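Reading the structure
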Amino acid sequence: MEIYVQKERGVFALSTPKMSYLMKVDEEGRLVHLYWGAPVKDITPAGIASRRDFPYSDHGGELYRPEYRAQDPRDFDPPALSIRYPDGVRNTVLRYRSYSISDGALTIVLSDDIMKISVELLYQGWGDLDLITRSVTIRNEGEAPVVLETVRSATLHLPGHLHYRLTHFAGKWGAEYQRQRIMLTQSQVVLESHRGVSASHQSVPFFALDPMGRTTETAGEVYFGALHWSGDFELIAYQNPDGLVGVTGGIGTYDTFVELEPQETFTAPGLTFGYTGHGFGEMSRILYDWQYDFLLPRSKAYSPRPVIYNSWYPFEFDLHEETLLKVIEQAADIGAELFVVDDGWMKGRDCDRRGLGDWYLDEERFPHGFRPLIEACHAHGMKFGLWVEPEMVNPDSNLYRAHPDWVLHDEGRKPWLSRNQLVLNLAREDVCQFAIDMLDRLLAEYELDYLKWDMNRYFGETGWPGASSKEIGELRIRFIQNLYRIWDHLNKVAPHILFENCAGGGGRADFGMVPYCDRINRSDNADPVDLMLIHEGFTTLFPPKTAGGAGNISPSPNGINGRTLPLQYRIDWGMTGSMSIGIDLLTADSEELIRLKEAVRRFCELRPLMNNSYVYRIASAYEGPCTVLEYVDREGKGAVVFAFGHGLHFRQYLPLFRLRGLEPHGRYEDEDGNIFEGETLMNWGVSISMAGDYASHVLVFRKVG
Ligand code: DGJ
């Protein structure tokens with residue numbers, strides 16, 4: 001990101017290769033937004049002056065576009081900052097104070113010198129990507145405490161008096177990441193969650209706006225943004241009475257406020273925004289580049305994810321040394337590279353009613369500890385991983401009996417049990433330390449290669465006896481800050497370990513977690529026909545190799561919707577994410593085992609082409625009865641195309657599917673030895689026949705010249 005400042009005119013211009021972002025200090029000393037979008041290079045005084053297309057006056061306020069909107073008496077759009085002052089004053093009127101540039105980032109300081117509040121706006125770029133992250137730090141410069149009732153990360157304004165369509169992702173357990181689209185009207189659309197987790201069990205902290213709703217996968221403008229936050233959030237997209245469209249968002253305001261003592265500061269989480277003129281496909285590629293090159297845990301950003309065998313779907317809580325030793329043999333035989341012991345290994349944990357919180361192995365079911373399992377895995381060259389849920393406890397556990405005060409609850413009221421568990425108050429220092437110590441112990445004791453962190457219920461009660469109003473107001477924030485602290489610790493002490501971020505499936509599939517985890521559980525629903533919608537949503541934001549799940553090759557009939565699907569369809573689908581097998585290998589027949597072995601071999605063969613790839617959505621499950629996803633290697637080594645039919649009617653002649661992202665004059669070889677020019681595949685297309693109920697195909701095009 002490049003930063004230009006015209007000091008004398010108070011103009012700030014941020015530019016990335018294909019995006020400009022302009023602000024200016026106006027005659028009243030307010031920092032106003034000028035422009036966000038495709039490059040605008042002329043920021044000469046004349047250029048800026050001639051483009052003052054939103055003359056605002058004092059009479060209404062709707063045309064005023066503050067760069068960061070405080071609760072200002074002249075402004076009616078949703079504020080980013082709303083403060084309760086000790087004397088009852090509610091308004092904050094921000095004026096420009098100063099700016100500084102450091103490490104390639106711009107900081108602009110605004111302040112209300114009467115109310116003694118300063119606001120530092122931070123703008124940070126990401127190499128050459130068309131992305132900028134904003135965050136804000138509020139400082140109480142007064143002599144009495146103030147209450148931040150709303151403290152959002154940014155105010156963003158969209159250009160022009162255009163009509164915009166909002167694309168976002170929402171869902172629920174087992175049905176995460178579903179694409180939603182609406183035209184904005186004169187209204188406020190609030191994307192939010194106050195479940196304690198932010199992502200797709202309700203709504204994902206992400207938005208994309210395209211002018212007039214005309215943008216496609218390959219063409220048109222998209223203005224998009226995502227929050228770096230895994231807790232309660234709100235993102236508000238609005239169109240005001242004068243037709244101006246904006247977005248504001250950050251930490252949620254439900255039950256949440258921050259008390260700032262004199263000289264104290266509070267920094268809101270980042271909100272990253274970006275722009276492309278080349279459709280939703282390009283938006284996804286920018287987000288992927290961001291993750292591959294900056295966000296993903298560094299030592300593992302580009303490395304392949306192993307093929308996993310996970311105990312959850314086939315065995316649930318019915319785990320025993322003897323059974324698992326047999327499964328390990330079979331898993332190794334079909335070629336799995338990592339064996340994960342999921343929920344059910346702890347003392348007394350033979351169902352979801354007990355044992356959660358007691359992070360010790362059940363000696364009755366594992367009389368020799370984990371050692372025999374670990375040794376069996378290692379003897380077969382397989383890695384070993386374990387499941388944990390550190391934020392939770394069953395009332396029937398030694399942890400709860402020892403520390404009933406550690407859970408979130410209202411004194412005197414029967415606590416709300418969800419999945420028979422209660423939420424530990426991770427905002428407490430002792431609970432946070434307990435989790436760190438417990439995890440350190442497990443990592444050391446079992447020399448783990450993989451840790452799956454789960455979180456299986458939402459917040460209910462958010463109090464505890466003796467809690468101050470400040471503690472309760474800040475609970476939902478401190479909880480997530482401590483969650484990040486623990487994940488940061490894990491990454492520091494065990495950088496070699498692969499970490500899976502799971503929250504009852506995709507409950508925490510958000511950008512706040514990306515820097516800490518190597519794999520993200522998308523959903524507990526592994527039925528390919530449902531997962532097609534979920535995966536398309538998920539891979540709009542996240543690279544496919546992070547697309548986790550306990551068994552991406554899933555059992556049939558499916559446990560959630562009861563659908564029965566052919567094994568080959570489930571296998572081909574399982575290859576589209578980070579491969580994991582969730583089929584009972586002890587009851588599988590020999591034919592099934594042979595096909596699973598072949599599936600693992602095939603996946604490992606194709607993995608180098610898919611490991612660091614982009615996903616092109618050639619045909620979308622949202623739009624028709626077949627899904628075609630093309631995984632194009634980022635370095636241009638070739639492409640793997642997955643095609644799935646689902647519910648085709650009549651005798652349909654499918655169109656030729658035109659591939660994307662290849663080199664027009666590159667030469668690509670398919671698996672039958674045919675050679676095609678990139679432009680033939682992209683312009684003429686490939687023919688894929690999808691007769692039958694559940695047909696699936698995997699096509700490979702390797703670049704040979
Ligand atoms: C929910 C997860 O998404 C599953 O993969 C599994 O780990 C269960 N929890 C275990 O309780």
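All values derive from a computational prediction rather than experimental measurement.

Some details on the pattern of salt bridges
Note on pairing: side chains with opposite charge can pair once their charged atoms come close. Evaluation of the coordinates by the stated rule reveals 49 salt bridges. Ionic pairing is found between Asp430 and Arg428, a salt bridge with its closest N-O pair at 2.7 Å. On the accessibility criterion, Asp430 (34% relative accessible area) is partly exposed. In this structure, Glu474 engages Arg478 in a salt bridge whose closest nitrogen and oxygen atoms are separated by 2.8 Å. Of this pair, Glu474 and Arg478 are both found in helix 8 (residues 469-493), four residues apart, which corresponds to roughly one turn of the helix. Note on Arg478: relative accessible area 27%, which makes it partly exposed. Several salt bridges converge on common partners, so that one network encompasses Asp26, Glu28, Arg30, Arg74 and Arg95.

Observations regarding the packing of aromatic side chains
On inspection of all chains with the given rule, the structure shows 38 aromatic pairs. On the numbers, 5.7 Å between centres and 50° between planes, the contact of Trp345 with Phe370 is tilted. Taken as a pair, Trp345 in the loop between strand 22 (338-341) and helix 5 (371-379) and Phe370 in the loop between strand 22 and helix 5 lie far apart in primary sequence, 25 residues in all. Comparing Trp345 with Phe370, the two get one shared label, buried. Considering the side-chain rings of Phe370 and Phe384, the 5.5 Å spacing of their centres and the 65° angle between planes classify their relative orientation as edge-to-face. A residue pair is termed long-range when its members are at least 10 positions apart, and Phe370 in the loop between strand 22 and helix 5 and Phe384 in strand 23 (residues 383-388) qualify at 14 residues. Phe384 carries the same exposure label as Phe370, and that label is buried. Here the aromatic residues Trp126, Phe169, Tyr177, Phe206, Trp290, Phe294, Phe511, Phe538 and Phe542 are joined through ring pairs into a cluster of three or more. Between the NZ or CZ atom of Arg30 and the centre of the ring of Tyr64, over which it lies, the distance is 4.1 Å.

Some words on the packing of helix 10 (residues 567-574) against helix 11 (residues 590-610)
Axes are the key here: two packed helices are described by the angle between their axes and the distance separating the axes. Contact geometry of helix 10 with helix 11 gives a least axis separation of 10 Å together with a crossing angle of 25°. Taken together, helix 10 and helix 11 sit at an angle that is classed as roughly parallel. Helix 11 is crossed by helix 10, and the crossing has right-handed handedness. Every residue of helix 11 that contacts helix 10 at Leu567, Gln568 and Ile571 is listed here: Glu592, Arg595, Leu596 and Ala599.

Focus on the sheet that holds strand 35 (residues 675-677)
On the basis of which strands lie adjacent, the open sheet formed by six strands has the order 31-32-33-36-34-35 and antiparallel pairing. Strands at the two margins of the open sheet, each flanked by one partner only, are strand 31 (613-619) and strand 35. Across the sheet, the mean angle from the axis of one strand to that of its neighbour is 25°, orientation sign disregarded. Bridge count between strand 34 (residues 667-669) and strand 35: three bridges; the pairing is antiparallel.

With respect to the site of the ligand
Of all residues adjacent to the ligand, which total 14 residues, the nearest are Asp342, Asp343, Lys452, Asp454 and Asp524. Side-chain polar atom of Asp343 to an oxygen atom of the ligand: 2.7 Å apart, as the coordinates give it. The side chain of Trp387 places a nitrogen or oxygen atom 3.2 Å from an oxygen atom of the ligand. Taking 300 Å² as the accessible area of the ligand by itself, protein coverage stands at 99%. Split into classes, the residues belonging to the shell around the ligand amount to four nonpolar, four polar and six charged.

Things to note about the UniProt feature "binding site: substrate" (unreviewed entry) in the protein
Mapped onto this numbering, the UniProt entry gives "binding site: substrate" (unreviewed entry) at Trp173, Asp342, Asp343, Arg419, Lys452, Trp453, Asp454, Met455, Asn456, Cys502 and Asp524. For Arg419, the location among the structural elements is in the loop between helix 6 (398-402) and strand 25 (422-423). The partly exposed category is assigned to Arg419, whose relative accessible area is 27%. Residues within four places of Arg419 in sequence aside, it is in contact with Trp312, Phe317, Asp343, Arg349, Asp352, Asn394 and Asn456.

Overview of unusual backbone geometry
Cis rather than trans, the peptide bond between Ser556 and Pro557 has omega equal to 0°. Relative to the assigned elements, Pro557 resides in the loop between strand 29 (547-548) and helix 10. Notably, Asp255 is not glycine yet its phi reads approximately 60°, a positive angle. Within the secondary structure layout, Asp255 lies in the loop between strand 17 (245-251) and strand 18 (258-260). Positive phi values are uncommon outside glycine, yet Arg419 reaches one of about 50°.

Rules behind the numbers
In every chain, residue numbers begin from 1 and rise along the written sequence. Thresholds applied to this predicted model are a pLDDT of at least 70 for local features of residues and 80 or more for the giving and counting of side-chain atom pairs; totals over whole chains, interfaces and linings are not thresholded and use all residues. With hydrogens and water excluded, all non-hydrogen atoms of the structure serve as input to the side-chain values. The salt bridge definition used is simple: a Lys or Arg side-chain nitrogen within 4 Å of an Asp or Glu carboxyl oxygen. Between buried and exposed lies partly exposed: a residue is buried under 20% and exposed over 50% of the maximum accessible area for its type, with that area taken using a 1.4 Å probe on protein chains only. Put simply, DSSP H or I for four residues or longer makes a helix, DSSP E for two residues or longer makes a strand, and each gets a number counted from the N terminus. Centre distance within 6.5 Å is the pairing criterion for rings of Phe, Tyr and Trp, where only the six-membered ring of Trp is used; planes under 30 degrees apart are then read as stacked, over 60 as edge-to-face, and the remainder as tilted. By definition, being over a ring means that NZ of Lys or CZ of Arg is both within 6 Å of the ring centre and within 35 degrees of the ring normal. Every axis corresponds to a line fitted to the C-alpha atoms, with the helix fit spanning only the stretch in contact, and the corresponding angles, defined between N-to-C directions, vary from 0 to 180 degrees. Comment on the angle field: the value is read as roughly parallel under 35 degrees, roughly antiparallel over 145, roughly perpendicular from 65 to 115, and oblique elsewhere. Should the near helix be turned anticlockwise from the far one by less than a right angle, the crossing is termed left-handed; should it be turned clockwise, right-handed. Only heavy atoms enter the contact rule, under which two residues are in contact if any of them lie within 4.5 Å. Criterion used throughout: strands pair if DSSP finds at least two bridges between them. Near residues are defined by distance, with any heavy atom within 4 Å of the molecule or strand qualifying the residue. Nitrogen and oxygen atoms within 3.5 Å of one another constitute a polar contact, given that in protein one can donate a hydrogen and the other can accept it, and given that sequence-neighbouring residues count only through two side-chain atoms. For every accessible area listed, the method is Shrake-Rupley and the probe measures 1.4 Å; residues are considered covered only by the protein chains on display. Side-chain classes are defined by residue name, with Ala, Val, Leu, Ile, Met, Phe, Trp, Tyr, Cys and Pro counting as nonpolar, Asp, Glu, Lys and Arg as charged, and the others, Gly among them, as polar. UniProt positions are given in the numbering used here, feature names are shortened, and annotations may be inferred rather than shown by experiment.

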